[in-house]
Amino acid sequence: MSFNPDVPSMRLARFARSLGGFAVVTALTFLGLLAITFFIGRVVPIDPVLAVVGDRATNAQYETARIAMGLDRPLIVQFFSYVGDVLQGDLGTSVSTGRPVAQDLVRVFPATLEMATIGIIIGVVLGVPMGVYAAARAGSWSDQVIRVLALLGYSVPAFWLGLVGLAVFYAGLGWVGGPGRIDVFYDGLVEPVTGLLLVDSLLDGQMDVFRNAFHRIILPATILGFFSLAYIARMTRSFMLDQLSQEYVTTARVKGVSETRVIWGHAFGPIRVPLITVIGLSYAGLLEGSVMIETVFSWPGIGNYLTTALFNADMNAVLGATLVIGAVFILINKVSDVLYRVLDPRSR
Amino acid sequence: MHAWLISDSPASRLQASAGRFYRAGGLLLRNPLAVAGVLIIGLLIVTAIFAPWIAPESPVGQNLSNRLLPPSADHWMGTDELGRDIFSRVIYGSRITLMIVALVAVISAPLGLVIGAISGYFGGWTDRVLMGLTDVFLSMPKLIMALAFVAALGPGIENAIIAIAITAWPAYARIARAETLTFRNAEFVSATRLLGASHLRIIFAHVLPLCTSSMIVRVTLDMAGIILTAAGLGFLGLGAQPPLPEWGAMISRGRVFILDQWWVATMPGLAIILVSLGFCFLGDGLRDVLDPKSAGKS
């Protein structure tokens, strides 16, 4: 750093410029996302009007719906009016709930956030040490076991694991609560402040509600956590192996530094930055994984909302949920990208 | 035969490529996980081809007096709610899985290859537009996008395959572009151009063949994800429709019985895990052999 001729103001300017470029790229990606959902909603269905009015509508009803949906206008005009609507937070009305889709999504999102957050905590707390351990003992039995366990995370269907988990831990052993977020008995006892049931019940001091909610979230969140654990452990192992083959590690070992210090004091430092990106990607991936898990566990989150809308052929709700999940996914991706640049001294 | 295969000065193109396959195959077989992968995929293909001879019963024939029997010597995996032998259905299901995987690969890999190669070869605005499009698709969650596409196209196995292929190609385009960039200014490309070859000829005859090995690795590694997505769509009722014995759809039927008749949902899931793991093992092994730079890293 001492050789860097930059004065701070110049560095700041460069940072601002890269931030500006980043904003443009992110905006374009969001526009692309909107183009995809627009395409899915308006172009892919053979007849989007029929999808809304049903096949028993009369010609007059059909024509009214077509004009009401603005389908008589050129496609490009339709696209820009769609973008305008979305920017104003208008995602259309859900046919099945009768409420605006945006309002529905705000209501269901905290449930997903809560589950995914516990999942990622499990994934990081177990995945990182497992990856480091496997790399430190590369080729050993424990390494092979961790490798296969990580590969299982790529080969086990989430919905299957959810069903088997319910059969074993809920029906068989009775260790955890059943499907759903809370017992009917406790439902509505806690005033939603953050929408996160665990936080709200603690704020309210209702320990039995907290315990009940915890009992029910632990299984789906652990299963989600397993998938992020697999990914995080695999990546940690690979990063760590990279570091352990570097010459500075050999130097440290020759100097007689203990193996624990070599790993945690020397080699772990450089991998922290790429790990943040991996954790960010994995967190975003959990949003996707939650679709299947929520369906199995009747968890009232965004994934369940999406699949319920699919069954009811509620296209506005499907596209709205797709849009929100896609947007959060992109946002987490981009933020971890920026974090990487800020934290990695080489890219400053 | 061995000497002909490992000859340092192959006399024909056939001998050279046969030799390359032979050496790669030899390396692959020294990796225990890769061998396991080869065996599992081999088993899948054999099962799919000979399904009518392996399966003891018909996959669709109902027998209501045999409803929901637990696994036994007669019914290795038990029977489902219509009295169908689950083992037979799992065996026939291998055909559907293999078909989905093969069709997705056949649609998305060439599509990605061509887009990536064109993008990397021409550069400039062509590159910017094509890669912008690719990045938008790449930054979308795959399963969600496939779900939305199937929702719009309507449920069915063909539409599920199309939807998965639409989500799978961008990764291949990225790889093909990166590979093409390294060859674009190579001397053999300039030489071919001097001989008067057209752009299309250079791309298809000289650049694309060089991208295939990294593409094979990537496609194999992606197979597990494709199988899981297809099974997920089947589970949600958007993929293969009953009475087709698709594994994901079978799990979905067993969902109601999971607490009492666990085998109905569990057995097809084991088949999915086995096949996906096989592709993961094989993909890892292939990467170690074909891409020695990253060998040994999970």
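Just so you know, these numbers come straight off a predicted model, no measurement behind them.

Each value, and the rule that gives it
- Sequence positions are assigned chain by chain, starting from 1 and proceeding in written order.
- Labels are handed out in written order, letters beginning with A for the chains and numbers beginning with 1 for the ligands.
- Totals for whole chains, interfaces and linings use every residue, but because this is a predicted model, local features are given only for residues with pLDDT of at least 70 and side-chain atom pairs only at 80 or more, for both listing and counting.
- Note: side-chain values were computed over all heavy atoms of the structure, leaving out hydrogens and water.
- Here the bounds of each domain stem from an automatic or database domain assignment.
- Residue contacts follow a heavy-atom distance rule, with two residues in contact if any of their heavy atoms lie within 4.5 Å.
- For salt bridges, the criterion is a side-chain nitrogen of Lys or Arg within 4 Å of an Asp or Glu carboxyl oxygen.
- Only runs of H or I of at least four residues qualify as helices and only runs of E of at least two qualify as strands under DSSP, and these elements are numbered from the N terminus.
- A score between 0 and 100, pLDDT records how confident the predictor is in each residue.
- Defined in terms of a 1.4 Å probe, buried area is the accessible area two parts forfeit on being brought together, summed over both.
- Polar contact is the term for a pair of N or O atoms within 3.5 Å; when the atoms are in protein, one must be able to donate a hydrogen and the other to accept it, and sequence-neighboring residues count only if both atoms are side-chain atoms.
- Lining residues are those with an atom within 4 Å of a point, where the points come from a 1 Å grid over the protein atoms alone and group into cavities, where a 1.4 Å probe fits but cannot get out, or pockets, open sets with protein on both sides within 12 Å along at least five of seven lines.
- Grid points are joined across faces, edges and corners, and a volume is the space filled by probe spheres set on the points.
- Exposure classes here rest on a 1.4 Å probe applied to the protein chains alone. A residue is buried below 20% of its type maximum, exposed above 50%, and partly exposed in between.

## Structural notes on the domain arrangement of chain A
Residue and element names in this part refer to chain A.
Part 1: Here chain A is described as being made up of domain 1 (6-87) and domain 2 (101-347).
Part 2: Each of domain 1 and domain 2 has a C-alpha centre, and the two are 30 Å apart.
Part 3: Listed by partner, the interface residues are 13 residues for domain 1 and 11 residues for domain 2.
Part 4: Inspection of the domain 1/domain 2 interface yields 0 salt bridges.
Part 5: Contributions of two or more residues to the side of domain 1 that touches domain 2 are made by α1 (8-43) and α4 (75-87).
Part 6: Counting residues per element, the side of domain 1 that touches domain 2 draws most heavily on α1, at 11 residues.

## Focus on the confidence of the model for chain B
Do not read the predicted coordinates in detail wherever pLDDT is low.
All names here are of chain B.
Part 1: Per-residue confidence for chain B gives a mean pLDDT of 85, with 97% of residues at or over 70.
Part 2: Taking the mean pLDDT of every element in chain B, the minimum, 76, falls on helix α1 (residues 2-6) and the maximum, 91, on helix α5 (residues 86-122).
Part 3: Across the predicted assembly, pTM comes out at 0.86 and ipTM at 0.85.

## Some thoughts on the interface of chain A and chain B
Part 1: If you look at the interface, chain A gives 44 residues, while chain B gives 42 residues.
Part 2: Carbon and sulfur atoms make up 79% of the area that chain A and chain B hide from each other, which totals about 4,000 Å².
Part 3: Of all residues in chain A, F159(A), W160(A) and L163(A) give up the largest surface area on contact with chain B, accounting jointly for 15% of the area buried on that side.
Part 4: At the surface where chain A touches chain B, the tally comes to 2 salt bridges.
Part 5: Salt-bridge contacts for R234(A) lead to D284(B); the nearest nitrogen and oxygen are separated by 3.4 Å.
Part 6: Where chain A touches chain B, the interface holds 6 residue pairs in polar contact (both at pLDDT 80 or more).

## Let's talk about the layout of surface pockets
Residues and elements named next belong to chain B.
Part 1: By volume, the second largest pocket is sized at about 760 Å³.
Part 2: Around the second largest pocket, the lining comprises 20 residues; the ones closest to its centre are R20, F21, P209, T212 and S213.
Part 3: Elements that contribute at least two residues to the lining of the second largest pocket include exactly α2 (13-28), α10 (199-235) and α12 (263-290).
Part 4: A per-element tally of the lining of the second largest pocket places α2 first, with 9 residues.

## Here's the deal with the pattern of salt bridges
Part 1: Under the defined criterion, the tally for this structure stands at 12 salt bridges over all chains.
Part 2: As a salt-bridge pair, D104(A) and R99(A) come within 3.0 Å of each other at their nearest N and O atoms.
Part 3: We classify D104(A) as buried; its relative accessible area is 0%.
Part 4: Among the salt bridges present, the one from R147(A) reaches D284(B), with a minimum N-O distance of 4.0 Å.

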